[in-house]
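# Architecture and fold: a report
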Amino acid sequence: MGFSDADLAAIGLTLRLAGITTVLLLFIGTPIAWWLARTRSWWKGPVGAVVALPLVLPPTVLGFYLLVAMGPHGPVGQFTQWLGLGTLPFTFWGLVVASVFYSMPFVVQPIQNAIEALGERPLEAAATLRAGPWDTFFSVVLPLARPGFLTATILGFAHTVGEFGVVLMIGGNIPGETRVVSVQIYDHVEALEYAEAHWLAATMVIFAFLVLLALYTLNPNARRQPS
Amino acid sequence: MSQDILARFQLDWPGFALDVDLTLPGRGVTALFGHSGSGKTTLLRCMAGLERASGGYLSVGGAVWQDGRHFLPTWRRPLGYVFQEASLFPHLSARGNLEYGMRRVRDAMARSALDYAVDLLGIGALLERKPDQLSGGERQRVAIARALALKPRLLLMDEPLAALDLKRKHEILPYLERLHDELDIPLLYVTHSPDEVAQLADHLVLLEEGRVRAAGPLGELMTRLDLPLARDEAAESIIETVVAGHDDKYQLTYLDCRGGRFAVGRLQRGTGKPARVRVHARDVSLALKEHRDSSIVNILQARIQEIVPLNDWQMVVRLGLGPEASIPLLARITRRSADLLELVPGKPVYAQVKSVVLAD
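### Brief notes about the overall build of chain A
Helix and strand counts for chain A stand at 11 helices and zero strands. Counting from the amino terminus, chain A carries its helices and strands in the arrangement α-α-α-α-α-α-α-α-α-α-α. Seen through its principal axes, chain A has C-alpha atoms that stretch 65 × 45 × 30 Å. Burial status across chain A gives 37% buried among its 227 residues. If you take every contact in chain A between residues at least 6 apart in sequence, the share linking residues at least 24 apart comes to 74%.

Here you go:
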């Protein structure tokens, strides 16, 4: 007994979803984290709160509004239709968009914390050493804030793997398209296939454990002080 | 003169305002001196472009770094900056830190500037170490070398010794003195330490509450009676001299300036070499005749230039040494003596100097 083809398809889909979401989030989340860490603008509070919303909202609420927005009559849906892409709900890319919102705080906050801990001084030192802003980001910020980026990558990936409510709301349950592992487990249980559910569920437990283990060993809570 | 530094900055922050308009010499060490909160660090950061003073003006050696319309960002300004804390990049070795800036200046001569800086600061043996394996003093020496290796047109130092204990300070000061002797670019040096001023500075800018109280050559400002420096308990005069010769019998060295000759304990320094000396105002007494029946070795001809009361019982006197009275020297005497000797401006006197300290 092991994984069925449907189980394997769900695992593959889940990994693809989490991978694409994480990469997108690193590109989208880093500028947001940078801005949040360094701005003195009045907007810092509201923007930070919006980014953190998925931490406290029930996934169904987030999923519901994304469904409405991306649906045929929603603003995002109208836009994607105008682009000739159709609508996003009940497609893989709809899940990707939803996951980006859902996992945003898990990527933004570790990066934001790492950049805040860095302080102003290394950036100023780099500027006095002829490094422009982009140069400074890649030669100073990225290496010094690496633990933060690592944490963000791991948490963003793991959190996307674990989502359920948002997937059901946005993606439904289409094999090979939106049926991820968590939904597959739900299906097994609904069908009283407990053994199959066990296989997948236990795999998720081990995965979650390994992720956290990696997090704590690769990134022991040692904040490096710029000297 | 186009070689000079022209700086004009105005800042209006809550609780602090900066308003300066300065012309600084294009060579030598200029100390920005003042209490904390006087705006000296802010002024330095404005010059570096780290603070954006809109409407400010700065030109260095004829090149405009900012004016009303243009603002060169820090990383495009050909400067070197040394922070109070060394601020080395912790992920790079000392060598990596040095090369970080050097690689970005794209100067064919950069490699030789790096070698020179490593040599000048004596850090050759430390290059492979990470910053957390260096002592505070060593870190600061690497930071200074890192700034020098850029071959900057202007060197800015923000209290580079303030974060170090006394022992580390004395470890670094000789290197800064070497820098002072060899540097051919202007160095602006922020400090609140009179000792560092006396040892390193050629020019002085006195800042008070964001404004320039006075600016000029060090020897002149230290002895201006309308400024707080001359009225301080530790008031002193700085005199630039040249080694004139040695007395082998009594183990003395003679130091000449235009105001006369000082004798000090034997120096390991060749004839013709410069020497800067400090004379405390409290170590100078005045006489109307040249007393050769005294144990005081250093007796110089002088003329009284100005005399003002210091407190109920003391006066502070500015003398001009030498036939032209061109070298200023402070003396602190009692009011009683001033009356007894009938001291008035213009009167010729003999300055008896009890103690002369080498400053460099």
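### Here's the deal with the overall build of chain B
A tally of regular secondary structure across chain B gives nine helices and 20 strands. Its C-alpha radius of gyration of 23 Å places chain B within 12% of the 21 Å reference for a compact globule of 360 residues. Each principal axis of the C-alpha distribution contributes one length, and for chain B these read about 65 × 50 × 35 Å. Residue pairs at least 24 apart in sequence account for 66% of intrachain contacts in chain B once pairs closer than 6 positions are excluded.

### As for the sheet that holds strand E19 (residues 348-353) of chain B
Residues and elements named next belong to chain B. Here we have five strands laid out as an open sheet, ordered E15-E19-E16-E17-E18, and antiparallel in their pairing. Bordering the open sheet on either side are strand E15 (284-287) and strand E18 (327-334), each of which pairs with just one other strand. Between one strand axis and the next, the sheet turns through 45° on average, direction left out of account. Bridge count for strand E16 (residues 298-309) against E19 is six bridges, and the pairing is antiparallel. Bridged to asparagine 298 within E19 is valine 353.

### A short note on the pairing of strand E17 (residues 314-321) of chain B
All names here are of chain B. Taking burial as the measure, the eight residues of E17 include six buried ones, the bulk of the element. Counting the residues that bridge the hairpin from E16 to E17 gives four residues. In this antiparallel pair of consecutive strands, E17 and E18, the connection spans five residues, and glycine 322 shows a positive phi of 85°.

### Some points on the nonpolar core
Within the largest apolar cluster, 149 residues are counted, with the highest numbers of intra-cluster contacts made by Leu32, Val142, Ala145, Leu156, Tyr189, Leu329 and Ala351 of chain B. The leading source of residues in this core is helix H5 (residues 92-118) of chain A, at 12 residues. Ignoring sequence-local partners within four residues, the contact set of tyrosine 189 of chain B consists of Val29, Thr30, Ala31, Leu32, Met157, Leu200 and Ala201 of chain B.

### Some points on the interface of chain A and chain B
Each partner contributes to the interface: chain A provides 16 residues, whereas chain B provides 21 residues. Contributing elements (two or more residues each) for the side of chain A that touches chain B: helix H6 (121-128) and helix H7 (133-144) of chain A. For the side of chain A that touches chain B, the per-class residue count stands at nine nonpolar, three polar and four charged.

### Considering the packing of helix H2 (residues 44-56) of chain A against H5 of chain A
All names here are of chain A. Between H2 and H5, the least distance of the axes is 7 Å, while the angle of their chain directions is 110°. Considering their axes alone, H2 and H5 lie roughly perpendicular with respect to each other. Every pair of crossing elements has a handedness; the one defined by H2 and H5 is left-handed. In contact with Val51, Ala52, Pro54 and Leu55 of H2, H5 contributes Phe101, Tyr102, Met104, Pro105 and Val108.

### What about the environment of glutamate 324 of chain B?
In this structure, glutamate 324 of chain B sits in the loop between E17 and E18. Distance in space between the C-alpha atoms of glutamate 324 of chain B and arginine 258 of chain B is 8.5 Å, their sequence separation being 66 residues.

### A few points about helix H4 (residues 136-148) of chain B
Helix length check: H4 of chain B, at 13 residues, gives a terminal C-alpha distance of 19 Å against a target of 18 Å (1.5 Å per residue), a fit within 8%. Within H4 of chain B, the full set of buried residues consists of Glu138, Arg139, Gln140, Arg141, Val142, Ala143, Ile144, Ala145, Arg146, Ala147 and Leu148 of chain B.

### A short note on unusual backbone geometry
When glycine is set aside, most residues are seen to have a negative phi, and most peptide bonds are trans. Notably, leucine 192 of chain A is not glycine yet its phi reads approximately 60°, a positive angle. Mapped onto the elements of the fold, leucine 192 of chain A is located in the loop between helix H10 (181-190) and helix H11 (194-218). When the 8 C-beta atoms within 10 Å are taken as the criterion, leucine 192 of chain A is described as exposed. The phi torsion at lysine 151 of chain B lies on the positive side, around 50°, for a residue other than glycine.

### Comments concerning the sheet that holds strand E11 (residues 236-247) of chain B
Strand pairs in the sheet, formed through backbone hydrogen bonds, run parallel or antiparallel to each other. Residues and elements named next belong to chain B. Within the open sheet, the five strands sit side by side as E13-E12-E11-E14-E20. Their pairing is antiparallel. In the strand order of this sheet, the two ends are held by strand E13 (260-265) and strand E20 (357-358), each with one partner. Summarising the sheet, E11 and strand E14 (residues 274-280) pair through seven bridges and their orientation is antiparallel. Bridging across to E14, threonine 241 finds its partner in alanine 275.

### What to know about the confidence of the model for chain B
All names here are of chain B. Mean pLDDT over chain B: 91, with 99% of residues reaching 70 or higher. Predicted confidence in chain B is weakest over helix H5 (residues 166-182), with a mean pLDDT of 85, and strongest over strand E6 (residues 79-82), with 96. Two numbers describe this predicted complex: its pTM, 0.86, and its ipTM, 0.86.

Scoring rules and cut-offs
Residues numbered from 1 in each chain as written. Chains lettered and ligands numbered in written order. Predicted model: local features only at pLDDT ≥ 70, side-chain atom pairs only at ≥ 80, totals over all residues. Helix = DSSP H or I, 4+ residues; strand = E, 2+ residues; numbered from the N terminus. Buried ≥ 20, exposed ≤ 12 C-beta atoms within 10 Å, placed from the backbone. Contact = placed C-beta atoms within 7 Å. Rg over C-alpha atoms; globule rule 2.2 N^0.38 Å. Pairing = 2+ DSSP bridges. Axes fitted to C-alpha atoms, helices over the stretch in contact; angles between N-to-C directions. Core = buried A, V, L, I, M, F, W, Y, C linked by C-beta atoms within 7 Å. Nonpolar A, V, L, I, M, F, W, Y, C, P; charged D, E, K, R; others polar. Parallel < 35°, antiparallel > 145°, perpendicular 65-115°, else oblique. Left-handed = near helix turned anticlockwise from the far one by under 90°. Expected span 1.5 Å × (residues − 1). pLDDT = per-residue confidence, 0-100.

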